[in-house]
Amino acid sequence: MSAPTAPTPKPTVTEREARQVAEAAREQDWRKPSFAKELFLGRFRLDLIHPHPQPADEHVQRGEEFLAKLRDFCETQIDPARIEREARIPDETINGLKELGALGMKIDTKYGGLGLTQVYYNKALALVGSASPAIGALLSAHQSIGVPQPLKLFGTQEQKDTFLPRCARTDISAFLLTEPDVGSDPARLATTAVPDGDDYVLDGVKLWTTNGVVADLLVVMARVPKSDGHKGGITAFVVESASEGVTVENRNAFMGLRGLENGVTRFHRVRVPAANRIGPEGAGLKIALTTLNTGRLSLPAMCVGAGKWCLKIAREWSGAREQWGKPVALHEAVGSKISFIAATTFALEAVVDLSSQMADEDRNDIRIEAALAKLYGSEMGWLMADELVQIRGGRGFETAESLRARGERAVPAEQMLRDLRINRIFEGSTEIMHLLIAREAVDAHLSVAGDLIDPDKSLADKARAGANAGVFYAKWLPKLVAGQGQIPGAYGEFHQGVDLSPHLRFVERSARKLARSTFYAMSRWQGRMETKQGFLGRIVDIGAELFAMSAACVRAEHLRRTGDHGREAYQLADAFCSQSRIRVDELFGRLWSNTDDLDRKVVKGVLSGTYEWLEDGVVDPSGEGPWIADATPGPSRRENVHRPIR
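Procedures and definitions
- Residues numbered from 1 in each chain as written.
- Predicted model: local features only at pLDDT ≥ 70, side-chain atom pairs only at ≥ 80, totals over all residues.
- Heavy atoms only, no water.
- Helix = DSSP H or I, 4+ residues; strand = E, 2+ residues; numbered from the N terminus.
- Rg over C-alpha atoms; globule rule 2.2 N^0.38 Å.
- Buried < 20%, exposed > 50% of the residue type's maximum accessible area, 1.4 Å probe, protein only.
- Contact = heavy atoms within 4.5 Å.
- Areas by Shrake-Rupley, 256 points an atom, 1.4 Å probe, with all protein chains shown as cover.
- Salt bridge = Lys/Arg side-chain N within 4 Å of Asp/Glu carboxyl O.
- Core = buried A, V, L, I, M, F, W, Y, C linked by side-chain atoms within 4.5 Å.
- Axes fitted to C-alpha atoms, helices over the stretch in contact; angles between N-to-C directions.
- Parallel < 35°, antiparallel > 145°, perpendicular 65-115°, else oblique.
- Left-handed = near helix turned anticlockwise from the far one by under 90°.
- Nonpolar A, V, L, I, M, F, W, Y, C, P; charged D, E, K, R; others polar.
- Expected span 1.5 Å × (residues − 1).
- Phe/Tyr/Trp six-rings, centres within 6.5 Å; stacked < 30°, edge-to-face > 60°.
- Lys NZ or Arg CZ within 6 Å of the ring centre and 35° of its normal.
- Pairing = 2+ DSSP bridges.
- Patch = residues over 30% accessible without salt bridge, like charges linked within 9 Å, V, L, I, M, F, W, Y side chains within 5 Å.

Asks: Break down the overall build of the protein for me, citing the residues and quoting the values.
Replies: Looking only at helices and strands, the protein features 23 helices and 12 strands. The C-alpha atoms of the protein give a radius of gyration of 25 Å, which matches the 26 Å a tight globule of 646 residues would have. Projected onto its principal axes, the C-alpha positions of the protein cover 75 × 75 × 65 Å. For the protein, the proportion of its 646 residues judged to be buried stands at 54%. Expressed as a percentage of contacts within the protein between residues at least 6 apart in sequence, the contacts between residues at least 24 apart total 78%. For the protein, the accessible surface area stands at approximately 29200 Å², while carbon and sulfur atoms represent 53% of it.

Take a look at the structure:
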């Protein structure tokens, strides 16, 4: 057997090269319609989401039967206080989840899974996540981004037959992409997979490996060097965690999700059979991004569960606690917070259910919808928990254990706030999600104006691009002048006691305004558009609000038609849309009236030390050490804390 080539050094890439890597991994074709994409282009395609899609009866029956079993398990077999206290999910709890089939919720029944739809998988995550967010994270990381999902989409039949039955019942999986010096810039990925006969030899270090401490199977992203017979590039592999040379060097601890089995994993000359490669060489990032298209829905699903719990506690507490002669809920300052929690929970559930059902039907391309759901859910979930802490006052800041010790109900409001905070970072931070969604939202503009704004193109290329852009915009821009939103009585079927039609007309008008704003920005900044992250973030936030308003109205009408709390749903949708419209108007104003330019100047001053005097008068309690840990490939010098659960 020949000796494998030494690991290649960490790649050094320019900003342009990094963007090219990300662009190459992006799914660029739109073969199916997308409600959200149309929304960003100024076209309010209500027909794509209304009437609300419905699951098949057999899917409902299977899903409801499992939810009943899972609820009983959550109520009788999960001790959330113990998980928080011991910072670990007990082995017997995880084994109980295995016996219940919870590891295989999304895996097809022919591989031993439960075969739940995306809708019921998300309902299950919301339920179990309300009992313990750490358990929700474990199950989500295992199925949404771990081994099952990429194999379902890209695996060979042999890989599915080999690994999916294990994942369905016994083996926990993890997804390993991030490195100590590589986050959302995968072009700098340093872990290597060097071909050697029928194997690849892995070397490198992975950080924040959710489930990595207890995982049996790993999806690892590594860079294959280009060589004769090897295309090379970032590639995905299934790796047995018990393989020689795999070391879990640390179990990380966080401000929240204290039961999370998240670690640092080192690979030193780990041999992985070529048969364990998922897809071709160089397809790793595309596999990761495609997996996340629906995988991102798991986080907002758990945020829905958090919102429901926040509403329950807010209702019970603010009705029992009196101040100045009446329950605190009846004081406007508190009541507005409760209204926000109730209305936002309704809208967020509408967004997740609608996106999930569209994912199940596979008629629409939901990559933008899922990304918007993740972005909106993580931000709104955090805000709802923060408002609950404020409603609870000092008791909101007090731990559940302390409340119990002094004889009061042990409400873990502060824990919920801590646990939810990571969702704004997990699976794409809010800032990265803004850029990712913005890239998809302006895709049509970049497609027609690509050569026009590319500094490397010739004048002839730019002239041709200018002509093509002129044809496109000549047809597109006139359609943004008028629409259904300006017709009184449009969307009249949504007037059922409470009138939601004005909100839908607002969405239609705002979608056209959003598209016009994007066009104006493209004309103004051209190739510099991608650097205007503040502007792009606001564009995306407006789109998220419009999507949530649309989903809330469609859900309210669906519940009215099915006779399931329709009147109350209309009231909640009306409240949410009224609140959302205020946020949208503010965001539109901030598109052009903001402090972005001034902020850039201040940042340059901060980095150059101009304002260093402002830091005087404090003591820094931080410990010594480098900002980024050394991740040089080589043998591990630390104890292996890998802890498989059997």
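Picking up after the structure, the text goes on.
Asks: Mind laying out the pattern of salt bridges, listing which residues take part and the relevant values?
Replies: Using the criterion set out here, one finds 46 salt bridges in the structure. Between E84 and R258 there is a salt bridge, with the nearest N and O atoms lying 3.2 Å from each other. Within this pair, whereas E84 is found in helix α4 (residues 80-86), its partner R258 is found in the loop between β6 (246-251) and β7 (262-273), the two being separated by 174 residues in sequence. Residue E84 is classed as buried on the basis of its relative accessible area, which comes to 15%. Taking the relative accessible area as the measure of exposure, R258 reaches 37% and is therefore partly exposed. Here R166 and D171 are joined by a salt bridge, their closest N and O atoms 2.7 Å apart. Within this structure, R88, D91, R251, E261 and R643 form a network of salt bridges that share partners.

Asks: Outline the nonpolar core, listing residues and values.
Replies: Ranked by size, the top nonpolar core spans 95 residues in total, and within it L372, L546 and F576 carry the most contacts. Apart from residues lying up to four places away in sequence, L546 is in contact with L39, F506, V507, S510, A511, L514 and V584. Residues A102, M105, V214 and I645 belong to the second largest nonpolar core, which totals 38 residues.

Asks: Describe in detail the packing of helix α21 (residues 533-561) against helix α22 (residues 566-592), supporting the description with residues and values.
Replies: Put simply, α21 and α22 touch, their axes get as near as 9 Å, and they point 165° apart. Between α21 and α22, the crossing angle belongs to the class labelled roughly antiparallel. The interaxial crossing formed by α21 with α22 has left-handed handedness. When the residues that make up the contact of α21 with α22 are grouped by side-chain class, the tally is 20 nonpolar, two polar and eight charged.

Asks: So what's going on with the side chain of Q118? Residues and values would help.
Replies: Locating Q118 in the fold gives a position in helix α6 (residues 118-131). For Q118, a relative accessible area of 6% puts it in the buried group.

Asks: Talk me through helix α20 (residues 501-525); I want residue IDs and the actual numbers.
Replies: Between its first and last C-alpha, α20 extends 36 Å over 25 residues, near the 36 Å set by a 1.5 Å rise per residue. After α20 finishes, the residue Q526 shows a positive phi value of roughly 50°.

Asks: Requested: an account of the environment of V128, with residues and values cited.
Replies: By secondary structure assignment, the location of V128 is in helix α6. Note: C-alpha distance between V128 and G232 (104 residues apart in sequence) is 41 Å. Once residues within four sequence positions are removed from consideration, V128 is found in contact with L70, C74, I78, I135, G136 and L139.

Asks: Describe in detail the packing of aromatic side chains, supporting the description with residues and values.
Replies: The final tally for this structure, using the stated rule, is eight aromatic pairs. Relative to F44, the ring of F35 has its centre 6.0 Å away and its plane inclined at 65°; by these criteria the two rings are edge-to-face. Take F35 and F44: they sit in the same class, and that class is buried. With centroids separated by 5.7 Å and ring planes inclined at 70°, the aromatic side chains of F44 and Y491 adopt a geometry described as edge-to-face. Taken together, the residues F44 in the loop between α2 (35-40) and α3 (57-77) and Y491 in the loop between α19 (459-476) and β11 (495-496) connect sequence positions 447 residues apart. What makes F44 buried here is its relative accessible area of 11%. Residue placement shows R392 over the ring face of W317; its charged tip is 4.7 Å from the ring centre. A cation over a ring is seen here: K513 above F588, with NZ or CZ 4.3 Å from the ring centre.

Asks: Tell me about the packing of helix α17 (residues 430-441) against α21, and please be specific about residues and values.
Replies: The contact between α17 and α21 brings their axes to 9 Å, and the two run at 75°. Classified by the interaxial angle, the pair formed by α17 and α21 is roughly perpendicular. Along its contact with α17, which presents H434, L435, I437 and A438, the element α21 presents Q533, L536, G537, V540 and D541. Residue classes in the contact of α17 with α21 are distributed as five nonpolar, three polar and one charged.

Asks: Explain the pairing of strand β4 (residues 217-224) to me, and be specific about the residues and the numbers.
Replies: When you tally the buried positions in β4, you get eight out of eight residues, the bulk of the element. Side chains L217, V219, M221 and R223 of β4 all project onto a buried face; the interleaved residues L218, V220, A222 and V224 project onto the opposite face, where all are buried too. Here four bridges tie strand β1 (residues 173-176) to β4, and the two strands are oriented parallel to one another. Pairing of A174 across the sheet is with L218, part of β4.

Asks: Explain unusual backbone geometry to me, using residue names and the numbers behind them.
Replies: Looking along the chain, the bond that leaves H50 and enters P51 is cis, with omega of 0°. Along the polypeptide, P51 turns up in the loop between α2 and α3. With phi around 75°, N211 is a residue other than glycine that occupies positive phi space. Residue placement: N211 occurs in the loop between β3 (199-210) and β4.

Asks: Pulling in residues and values, what's your account of the environment of V220?
Replies: Within the secondary structure, V220 sits in strand β4. Exposure remark for V220: the relative accessible area of 0% places this residue in the buried category. Through-space distance from the C-alpha of V220 to that of I234 is 10.0 Å; in sequence the pair is 14 residues apart. Not counting the four nearest positions on each side in its chain, V220 is found in contact with L176, L202, K206, T235, A236, F237, V239 and F267.

Asks: Kindly report on a nonpolar patch on the surface, identifying the contributing residues and their values.
Replies: On the surface, a cluster of nonpolar side chains totalling about 610 Å² of accessible area is made up of L598, V602, V606, Y611, W613 and L614. By the secondary structure assignment, L614 is in the segment after α23 (596-608).

Asks: Please give an account of helix α16 (residues 413-421) that cites residues and values.
Replies: When you tally the buried positions in α16, you get eight out of nine residues, the bulk of the element. The set of residues buried in α16 consists of A413, E414, Q415, M416, L417, R418, D419 and L420. Summarising the contacts, the buried residues of α16 are in contact with α4, α7 (133-145), α11 (298-320), α13 (367-392) and α14 (394-397).

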